[in-house]
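# Architecture and fold: a report
Listed below, chain by chain, are the residues.
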Amino acid sequence: MGSKRKRNAAAAATASNEPSNKRSKTTTDLPPAAANGTANGTATKPTKTAKNALDKSPFTEHLTVEERKRELGLYELLGSEDPADRINAADAIISGLLGGEGVPEPVLLRHLEHRLFRGLASGRNASRLGFSLVLTEILGQLFGEKELLAAEKYTGLTFDKVLGILIAKTSAAGGGGGLGGGQQERDNYFGQLFGIECFVRGDILFTDKSRWMSVLEILVKLGQKKSWLKAQCGWIIAQAVASYMKKQKLVEMTLEKLAEEGFAKTPEGVGIWISALDRWPEVKLSSAAAKQVPWKGSHPLAVASLAALPAVLKDSGRDTSNDNQQDGGKKKPKQGNWTAQLHFVWDLILAHFSKLGKLDDGADAAEQFKQFWNRVVDEGFFSKSSSDSQKFSGFMIFQKMLEGAAACPFILDSLFSKNLMACLMNQASKEDRYLHRAALKALKAIEPVAEANPSFVPIILKQLLTHNGVYNFDQRTNTKTVDKILQYTTPATIKPVVKILRLKDPSKSGLDESKYYQALGSYLFRLASAPSESDEDSVSSKSVPGSAIKLLTDLAYSNKSVPADIKEALRTRTTAAFARLVRRPEDFGHLCNAILSIEADVDPEDEIAGLVLPQAYERLKDLLDPSKEPDAPRAPRQALALLYAVGILQFYNEDPDVMDQFEELDECYAKLAGESMQDEEGISEYLVEILLAMVARPSSLMRQVSQQVFAAFTGLMSADALKLLTDPLAADESAKGQQALFSTEDEDMHDAEDDDGEEDGSDDEEGLDSDVEIVDLEDAGSDDDDEDASDDGNSDEGDDDAAEKDQEDLEALDNALAEVLGSHRLDKDAEAADSDEHGSDMTDSEMMAVDEKLAEIFKQRAKTTSKKKEKKDAKDTVVNFKHRVLDLLAIFVKNEAAAMNPLTFDALLPLLHLIRTTTTKPLANKACETILNFSAALKKARNRHNAAAEAEAPEMGTDALLELLGEIHGEASKDLSHAFTKAVSTASLAIASILCADDEDVDKTDKVFELYTETQKKWFKGEVKIQTAFFSDWLNWCQSHASTAAAAAAAP
């Protein structure tokens, strides 16, 4: 019997039908304000009782000390914020009261009167939740339909008596038994509300209508007496009508009672009527009660009732916590306050339309919702006469409906109404607007809806950019709302999205032509940057980036209706989009197809262009032909196709060097199409020349393309091609080096060659092109470790020389000015003690002469500064070009070292030379990192191969490797910095590991040891200077190899 009576203890803790925004952090059927009833909600640590098995024995009538401690522990645990603790304590208390034959009536009465009902008025932690859990179960067993314990065993505990105990223990005067002020009063009223909810949820009120009418009377009076409890009282009534009442007559009596008390004219009344009529659509009220209902139709949301709804619902978001309505609400509530908690009536309204939409195809529901939204929300909450509090509530209603759009999509078309959008854009546009943060929150609520339901993206965009929105919505609101929504476009929605973005008549956008195309270009750029779907074809015409880049290319190059000046900006945007597409190999087809779609006019008088361009198109199509890929390597063909595509793009961008590039590409095409290996031998040289010309351009697109193409051709690299790639690393980082690399013909270059030593002293900070990665030459040589200070001695020395040179220039300027003006600096007073003896006022002619001399001084100063800036620009150009070359070398090393390509060893000496000679630390660091990556990739490749494969280096030969090792040892003595020593040691050990890999060829191993011994002898005799780390790394490598060999020998 006891287990039967406890059946609902755990279930009651979580059973709740209330909308999500009405829940507190701890599960309850009341809104958060009622759940706690106090701002003081400190957590309770689990007591010792929670860790042990709780005592479920019956409570005794005569309390001992141990029994008192037991009760105290259980009720303390019942108020814990941990739901598990509350459930365990509730189970123990219910078992102790009603388990077995049940406790005597005086015991149960004592617990009800002095513990449970009284505990509802406590604001400590989660006491109300825990005590409500126990009371709901006990009331259900006392007065429920199946278990009438009150009639069988506890005859003295009648319904009226138990209800009277609740009222007595939670009344404003008698609940606490002491002075507590306003907070105690609030706690008592909240306790009473929770107690009434226990009666409702215990399902004991609806078999006898007198019980429910008694409770209803209490709820109505409580809501009228304390307006800040009115919403909670209305919620309990709505739940009772919707979930617990089983007879229509009782529902009608309830509604008539509420109508008489004026509840129908409140937001709570609307919610109750919706709950009742959705479940009992045939409900009819008496004529007297019907007159008290403000709406004329049978349902408050019917079209005929909409005229009365705005006046009722406009204040549903008002905070009534400070209202003191007395005598049935005759005192007018205070206005001007609002709360961040939305009234529960809006959850019921949303549920009503969601249910209505499922009954038919949704057409009627959509029309009804549209009329409701426009008349009640748009005209009621966002009209010009609406207060800020009503607009604030309107924004929350908008968010609520957005969240529910997944269940009833037909409401989306109506949500972005005229007044709402005007208010939303106005408040979001500037930070000083009163509802700015509320408007931004409303806009941010759109993004998760689009993310969860990608099919909504076209609908949302149509509302934001057309109808009541504006085409440049993001610019108008200073947000990225449209930009973020576009990222959720899918192949299924890309067609309607593009249709919305591209207007047939640009004038309908409300913008001038240039701003319209600027906004359209931004939207298409965002779509082109979206990642491709993993399961879609790379050249699918329905793909998001493919459709967007094709349209963007058409606007920038083919569309004749777009003005020429606007096309230039669109072409810049298109180039940036191409740069992003190139980074993703899966979007290769989109880029080529977009360029193939260009249909721009070519000057008919340009005969060369008339021949070259069609041939480029033809070869691009041929390289993209999938039918020829089985007979040829796919990666090189795609890479060459990419170069042709970029070449065509450069042609339309009027690049002057594109014709030369097409000639080189034709050579590569001819060799790639050849049948013999001899035809492919020279292709790498042509490619390197093309790629070096591309990386020299300050363009992100060219850099990305060059890296993608080079990665496809690393396996075809020859020694000559590698030399072409590494030669620029040896160029001087000066105007002279720039002239050697780029064949510049600046007339000042010859003067600059004699002043190379001064260029490091330039302090000018000049930004490079925005597409170029800027290298900070001033900060590059700095290091946090004092130990590494000696590593950059050359750079620091150059900086000191530069500072001295600058100081000399300033002193020369001071002296020249002093000589002309006849003055001196303040720190030279002693030297110029008699400077004022001959002072006199200057004549006009003397002043004119001084002006001419000053002008000449500053003119010469400007020339000097200009030359220094030119030198700095030249150095920056060379350094950036070397960075791009190192990027290509890093790709080559990564791909080919893993394939055990002996050609990769030829890159070691140029990299070491760069580390040793450059004055730019980032360059040295990148070169050092490339060598380390080479060693790591080589080691992984050796581990993947067997002993025979490891010893494989026949193409380079043992003698060549030993010669290279000797040259690297010669490099070790040329720079004593730690960074260089680490790089040269790593390169040396990488070669040694190849030569010593074949245990059967002892001669190669002996020669490696002899070379290290010879180098060490020279260091010992003082003939060379080498960092000791060079030899310690060698010894550590030998130790590691010896340990491995010993372990292999010991293995069975």
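Residues numbered from 1 in each chain as written. Predicted model: local features only at pLDDT ≥ 70, side-chain atom pairs only at ≥ 80, totals over all residues. Heavy atoms only, no water.

## A closer look at the overall build of the protein chain
In plain terms, the rule: Strands are runs of DSSP state E lasting at least two residues, helices are runs of H or I lasting at least four, and both sets are numbered from the N terminus onward. Exposure is judged per residue with a 1.4 Å probe applied to protein chains only, and the accessible area is read against the type maximum: over 50% gives exposed, under 20% gives buried, and values in between give partly exposed. Here, two residues are considered to be in contact whenever any of their heavy atoms come within 4.5 Å of each other.
Along its length, the protein chain carries 51 helices and zero strands. Here the protein chain holds 1052 residues, and the buried ones make up 50% of them. Pairs at least 24 residues apart make up 72% of the contacts formed inside the protein chain by residues separated by at least 6 positions.

## A few points about the confidence of the model for the protein chain
The predicted coordinates ought not to be read in detail in places where the model reports low pLDDT. For clarity, the threshold we go by: What pLDDT conveys is the predictor's confidence in a given residue, as a value from 0 to 100.
Looking at the protein chain, pLDDT values average 79 and 77% of them are 70 or higher. This stretch, residues 174-179, has a pLDDT under 50; its non-local contacts, to residues over four places away or in other chains, come to twelve contacts. In the predicted structure, residues 535-541 sits below a pLDDT of 50 and forms eleven contacts with residues beyond four places in sequence or in another chain.

## Some thoughts on a positive patch on the surface
The condition that has to hold: For patches, a residue must show more than 30% relative accessible area and have no salt bridge; joins then use 9 Å for like charges and 5 Å for nonpolar side chains, namely Val, Leu, Ile, Met, Phe, Trp and Tyr. Using a 1.4 Å probe, accessible areas were evaluated by the Shrake-Rupley method; residue-level cover was limited to the displayed protein chains. One side-chain nitrogen of Lys or Arg within 4 Å of one carboxyl oxygen of Asp or Glu is enough to make a salt bridge. Under this rule, positive means Lys or Arg and negative means Asp or Glu; His and the chain ends count for nothing. Taken as the charge location is NZ of Lys, CZ of Arg, CG of Asp or CD of Glu.
Taken together, Lys462, Lys495, Lys499, Lys504, Lys508 and Lys542 make up a surface patch of like positive charges. Position of Lys508 relative to the elements: it lies in the loop between α28 (494-501) and α29 (513-528).

## Points about the packing of aromatic side chains
Note the cut-off: Each pair of aromatic rings taken from Phe, Tyr and Trp, with Trp reduced to its six-membered ring, is defined by centres within 6.5 Å and is described as stacked if the planes are under 30 degrees apart, edge-to-face if over 60, and tilted in the remaining cases. Charges are assigned to positions over rings by a cutoff of 6 Å between ring centre and Lys NZ or Arg CZ, combined with an angular limit of 35 degrees from the ring normal.
Taken as a whole and assessed by the stated rule, the structure comprises 31 aromatic pairs. Ring centres of Phe159 and Phe199 lie 5.6 Å apart, and the angle between their planes is 85°; this geometry places the pair in the edge-to-face category. Here Phe159, found in helix α10 (residues 159-169), pairs with Phe199, found in helix α11 (residues 181-201); they are 40 residues apart in sequence, far enough to count as distant. Each of the two residues, Phe159 as well as Phe199, counts as buried. Seen from their ring centres, Trp346 and Phe381 are 5.9 Å apart, and the 70° between their planes marks the pair as edge-to-face. Here Trp346, found in helix α18 (residues 345-359), pairs with Phe381, found in helix α19 (residues 363-381); they are 35 residues apart in sequence, far enough to count as distant. When its relative accessible area of 0% is taken as the criterion, Trp346 is described as buried. By relative accessible area, which is 0% here, Phe381 ends up buried. Over the aromatic face of Trp228 sits the side chain of Arg186, whose NZ or CZ is 4.4 Å from the ring centroid. One cation-aromatic arrangement involves Arg573 over Phe525; the distance from NZ or CZ to the ring centre is 5.4 Å.

## Section: the nonpolar core
Here is the rule we go by: Here, nonpolar core refers to any group of buried Ala, Val, Leu, Ile, Met, Phe, Trp, Tyr and Cys residues whose side-chain atoms link them within 4.5 Å.
Of all hydrophobic cores here, the largest spans 287 residues; its most connected members are Trp212, Trp346 and Phe372. Tallying contributions element by element places helix α34 (residues 634-652) first for this core, with twelve residues. Ignoring anything within four residues of it in the chain, the contact list for Phe372 reads Leu301, Leu306, Leu309, Trp346, Ile349, Phe353 and Val377.

## Notes on a negative patch on the surface
Where like charges cluster on the molecular surface, the negative patch consists of Asp512, Glu513, Asp565, Glu568 and Glu654. Its place among the elements puts Glu568 in helix α31 (residues 564-582).

## A short note on the packing of helix α33 (residues 607-624) against helix α35 (residues 658-673)
Quick note on the threshold: Inter-axis angles, ranging from 0 to 180 degrees, are taken between N-to-C directions of lines fitted to C-alpha atoms, where helices are fitted over the stretch in contact. In these notes the angle categories are as follows: under 35 degrees is roughly parallel, over 145 is roughly antiparallel, 65 to 115 is roughly perpendicular, and the rest is oblique. Crossings are assigned a handedness: left-handed for a near helix turned anticlockwise from the far helix by less than a right angle, right-handed for a clockwise turn.
Between α33 and α35, the least distance of the axes is 11 Å, while the angle of their chain directions is 40°. One element, α33, and the other, α35, form an angle in the oblique class. When you trace α33 past α35, the crossing you get is left-handed. Judged by residue contacts, Ile608, Ala609, Val612, Gln615, Ala616, Arg619, Asp622 and Leu623 of α33 engage Met659, Phe662, Asp666 and Tyr669 from α35.

## Topic: the pattern of salt bridges
Where side chains of opposite charge bring their charged atoms close, a pairing between them can arise. A complete count under the given rule lists 29 salt bridges for this structure. Note that Arg619 and Asp666 form a salt bridge whose closest N and O atoms lie 2.7 Å from each other. Linking Arg619 in helix α33 with Asp666 in helix α35, this pair joins segments that are 47 residues apart in sequence. The partner of Lys1018 in a salt bridge is Glu1014, with the nearest N and O atoms 3.8 Å apart. In this pair, Lys1018 and Glu1014 both sit in helix α50 (residues 1002-1021), four residues apart, roughly one turn of the helix.

## Considerations on α33
Selection rule: Here a helix's expected span is defined as the number of its residues, less one, multiplied by 1.5 Å.
Over its 18 residues, α33 extends 27 Å from the first C-alpha to the last, a length consistent with the 26 Å expected when each residue adds 1.5 Å. Looking only at α33, the buried set comprises Ala609, Val612, Leu613, Ala616, Tyr617, Arg619, Leu620, Asp622 and Leu623. If you follow the buried residues of α33, they end up packed against α32 (588-596), α34 and α35.

## Some points on helix α22 (residues 418-429)
When the terminal C-alpha atoms of α22 are compared, their 17 Å separation across twelve residues agrees well with the 16 Å that a helix rising 1.5 Å per residue should span. Those residues of α22 that fall on the buried side of the exposure criterion are Leu420, Met421, Cys423, Leu424, Met425, Gln427, Ala428 and Ser429. Packed against the buried residues of α22 are α19, α20 (388-403), α21 (412-415), α23 (436-444), α25 (457-465) and α26 (473-477).

## Details of the packing of α31 against helix α38 (residues 700-713)
Put simply, the test is: Residue polarity follows a fixed list, in which Ala, Val, Leu, Ile, Met, Phe, Trp, Tyr, Cys and Pro are nonpolar, Asp, Glu, Lys and Arg are charged, and the others, Gly among them, are polar.
For the pair α31 and α38, the least separation of the axes is 8 Å and the interaxial angle reads 25°. When the interaxial angle is binned, α31 and α38 end up roughly parallel. In terms of crossing hand, the pair formed by α31 and α38 is left-handed. Touching Thr575, Phe578, Ala579 and Val582 of α31 are Ser700, Leu701, Gln704, Val705 and Gln708, all from α38. Looking at the contact of α31 with α38 residue by residue, the classes come out as five nonpolar, four polar and no charged.

## Some thoughts on unusual backbone geometry
The phi angle at Asp203 is positive, at roughly 55°, despite the residue not being glycine. You can see Asp203 is positioned in the loop between α11 and α12 (209-225). Classification of Asp203 by relative accessible area gives partly exposed; the value is 28%. Phi at Met900 is positive, roughly 60°, even though this residue is not glycine. Structurally, the position occupied by Met900 is in the loop between α44 (844-897) and α45 (908-917).

## Comments concerning the environment of Tyr517
Take Tyr517: it is sitting in helix α29. Residues Tyr517 and Arg502, spaced 15 residues apart in sequence, show a C-alpha to C-alpha distance of 9.3 Å. Excluding residues within four positions of it along the chain, Tyr517 makes contact with Pro506, Leu555, Ser561, Val562, Pro563, Ile566 and Leu570.

## Some thoughts on the side chain of Ser354
Mapping Ser354 onto the fold places it in helix α18. With residues near it in sequence (within four places) discarded, Ser354 still touches Ala407 and Cys408.

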